[in-house]
Amino acid sequence: MIYGANGYTGEMIAREAVRRGFRPVLAGRRQETIDSLACNLGLEAHAFALDNPAELLRQLEGCALVLNCAGPFSATAAPLMEACLQTRTHYLDITGEIGVFEAAQLLNTRARDASVVLCPGVGFDVIPTDCVAAALKEALPDAIRLNLGFDSRSVFSPGTAKTAIEGLAQGGKIRRGGKIITVPLAYEVRRIDFGDGEKDAMTIPWGDVSTAYYTTGIPDIQVFVPGSTRMISQARRANYIRPLLRLAWVQKLLKAYISRTVKGPGEMKREQTPSFVWGEAINARGDKKTARIRTPNGYTLTIMGALAVVEHLMMNRIAGGAYTPATLMGANLITRLPGAGPLRIV
């Protein structure tokens, strides 16, 4: 089942899944849009919300795997993961939200006992950076600090934009001493060559602050993206209005505006905007390993990455538990995706 198949990314995944010979059930909250897409692809459609646990269990009964594409995942992941544990259905999603990754890890024992795989983040958030983290851990096993980042000039889809609005309200996040702590937005700024030339970059509250720890065990983790002087200044000014951004009515207003105005990139734009992923691991002596890889556009990678994990779970018997993409399929997952690689470490 693809839940949220009527969204920007969900629809692209559904179309590619059909092209590969899969026959997923398409699901989402809006009957009209789900029915229209399902009719176009010749697939079964189910429309249901996630606020009725009994109905959710009924919908998932007999379903082997759910790929959740309905963001923001702060609202959709928890009820779907709970239902998947009860129906013994594998759960995947394409989130980059720290809270979802942490929630999945808290369910690890239940997932193991139910023989259910919980693996959020099987898209651009966080496959490439998670694989870079795993490769760097292998290259420098005694690393105590891990910095990750990516340079992607792709515009947001509506779901990603809404998630970003929630993230601004929660402030910056880094991991220090194994614990996730809140810091100001644009907490650290430094020059980084992600693979396309050196640029100013700032820390962001990206999912790897959670996932890279479970992949590598490295206690100190930060994630960077490039930013212009103006962008960095705006991020730092946003620290002063974070209390306002946390208000429910402000969030609702901003998300409604996004729904009306934000559209995801077209196919030509995706083809013209590759992404560059970078990471560095440092040990207590100051030894350093640096990794870089060029990947397709984030949305293209999400389609390919999500379906690679779907195929892996449908074709293999995997022990239940909470996974990251790299712990589920290995550090070389990223280099097996079309248009990505090679992964170089120096």
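This section reports on the structure supplied with the text. Predicted, not measured: the structure shown is a model, and the values here were computed from it.

What counts, and where the lines are drawn
- Residues numbered from 1 in each chain as written.
- Predicted model: local features only at pLDDT ≥ 70, side-chain atom pairs only at ≥ 80, totals over all residues.
- Heavy atoms only, no water.
- Phe/Tyr/Trp six-rings, centres within 6.5 Å; stacked < 30°, edge-to-face > 60°.
- Helix = DSSP H or I, 4+ residues; strand = E, 2+ residues; numbered from the N terminus.
- Buried < 20%, exposed > 50% of the residue type's maximum accessible area, 1.4 Å probe, protein only.
- Polar contact = N/O pair within 3.5 Å; in protein donor to acceptor, adjacent residues only side chain to side chain.
- Contact = heavy atoms within 4.5 Å.
- Axes fitted to C-alpha atoms, helices over the stretch in contact; angles between N-to-C directions.
- Parallel < 35°, antiparallel > 145°, perpendicular 65-115°, else oblique.
- Left-handed = near helix turned anticlockwise from the far one by under 90°.
- Nonpolar A, V, L, I, M, F, W, Y, C, P; charged D, E, K, R; others polar.
- Core = buried A, V, L, I, M, F, W, Y, C linked by side-chain atoms within 4.5 Å.
- Domains from an automatic or database assignment.
- Salt bridge = Lys/Arg side-chain N within 4 Å of Asp/Glu carboxyl O.
- Pairing = 2+ DSSP bridges.

1. Focus on the packing of aromatic side chains
Here's step 1: A complete count under the given rule lists seven aromatic pairs for this structure.
Here's step 2: Taken together, a centroid distance of 5.2 Å and an interplanar angle of 50 degrees make the contact between Y3 and F48 tilted. Of this pair, Y3 sits in strand β1 (residues 2-3) while F48 sits in the loop between β3 (45-47) and α3 (53-60), and the two are 45 residues apart along the sequence. Of the two residues, Y3 and F48, both sit in the buried class.
Here's step 3: Relative to W278, the ring of F224 has its centre 6.4 Å away and its plane inclined at 80 degrees; by these criteria the two rings are edge-to-face. Of the two residues, F224 is situated in strand β12 (residues 220-226) and W278 in strand β13 (residues 275-283); the sequence distance between them amounts to 54 residues. Each member of the pair, F224 together with W278, is buried.

2. Digging into the side chain of T324
Here's step 1: Residue placement: T324 occurs in the loop between β15 (321-322) and α15 (325-329).
Here's step 2: The class of T324 is buried, set by a relative accessible area of 1%.
Here's step 3: A polar contact of 2.7 Å, which involves the side chain of T324, links it to the side chain of T215.
Here's step 4: Excluding its chain neighbours within four sequence positions, the residues that come into contact with T324 are C119, D130, T211, Y214 and T215.

3. Re the packing of helix α4 (residues 73-87) against helix α5 (residues 98-106)
Here's step 1: For the pair α4 and α5, interaxial distance at closest approach is 9 Å and the crossing angle is 15 degrees. As summarised for this structure, α4 and α5 are arranged roughly parallel, according to the angle between their axes. Classified by chirality, the crossing of α5 by α4 is right-handed. Contacts between α4 and α5 involve F73, S74, A77 and M81 from the former and V100, A103 and A104 from the latter.
Here's step 2: Looking at side-chain class alone, the contact of α4 with α5 contains six nonpolar, one polar and no charged residues.

4. Re the nonpolar core
Here's step 1: Within the largest apolar cluster, 90 residues are counted, with the highest numbers of intra-cluster contacts made by L26, L67, L92, L146 and L328.
Here's step 2: Two domains each provide a minimum of three residues to this core, namely domain 1 (2-123 + 300-329) and domain 2 (126-297).
Here's step 3: When neighbours within four sequence positions are excluded, L328 is seen to be in contact with V117, C119, V309, H312, L313, I318 and Y323.
Here's step 4: Residues A201, F224, F276 and W278 belong to the second largest nonpolar core, which totals six residues.

5. Thoughts on the pattern of salt bridges
Here's step 1: Within this structure, the stated rule accounts for 15 salt bridges.
Here's step 2: Residues E11 and R15 are paired through a salt bridge, measuring 3.0 Å at the closest nitrogen-oxygen approach. With E11 and R15 both in helix α1 (residues 8-19) and four residues apart, the pair spans about one turn of that helix.
Here's step 3: For D196, the salt bridge goes to K199, with nearest N and O atoms at 3.9 Å.

6. Looking at the pairing of strand β11 (residues 198-203)
Here's step 1: Sheet topology note: the strand β10 (residues 189-193)/β11 ladder contains five bridges and is antiparallel. Paired with V189 across the bridge in β11 is M202.
Here's step 2: Hairpin geometry of β10 and β11 is characterised by an intervening segment of four residues between the two adjacent antiparallel strands and by a positive phi of about 130 degrees at G195.
Here's step 3: Bridging between β11 and β12 involves three bridges; their strand directions are antiparallel.

7. Considering unusual backbone geometry
Here's step 1: Cis rather than trans, the peptide bond between D125 and V126 has omega equal to 10 degrees.
Here's step 2: Mapped onto the elements, V126 comes out in the loop between β6 (117-119) and α7 (127-139).
Here's step 3: Omega for the bond connecting G341 with P342 falls within 30 degrees of zero, at 0 degrees, which places this linkage in the cis form.
Here's step 4: Of note in the backbone geometry, R88 takes a positive phi value of approximately 60 degrees without being a glycine.
Here's step 5: Tracing the backbone through its elements, the reader meets R88 in the loop between α4 and β5 (90-93).

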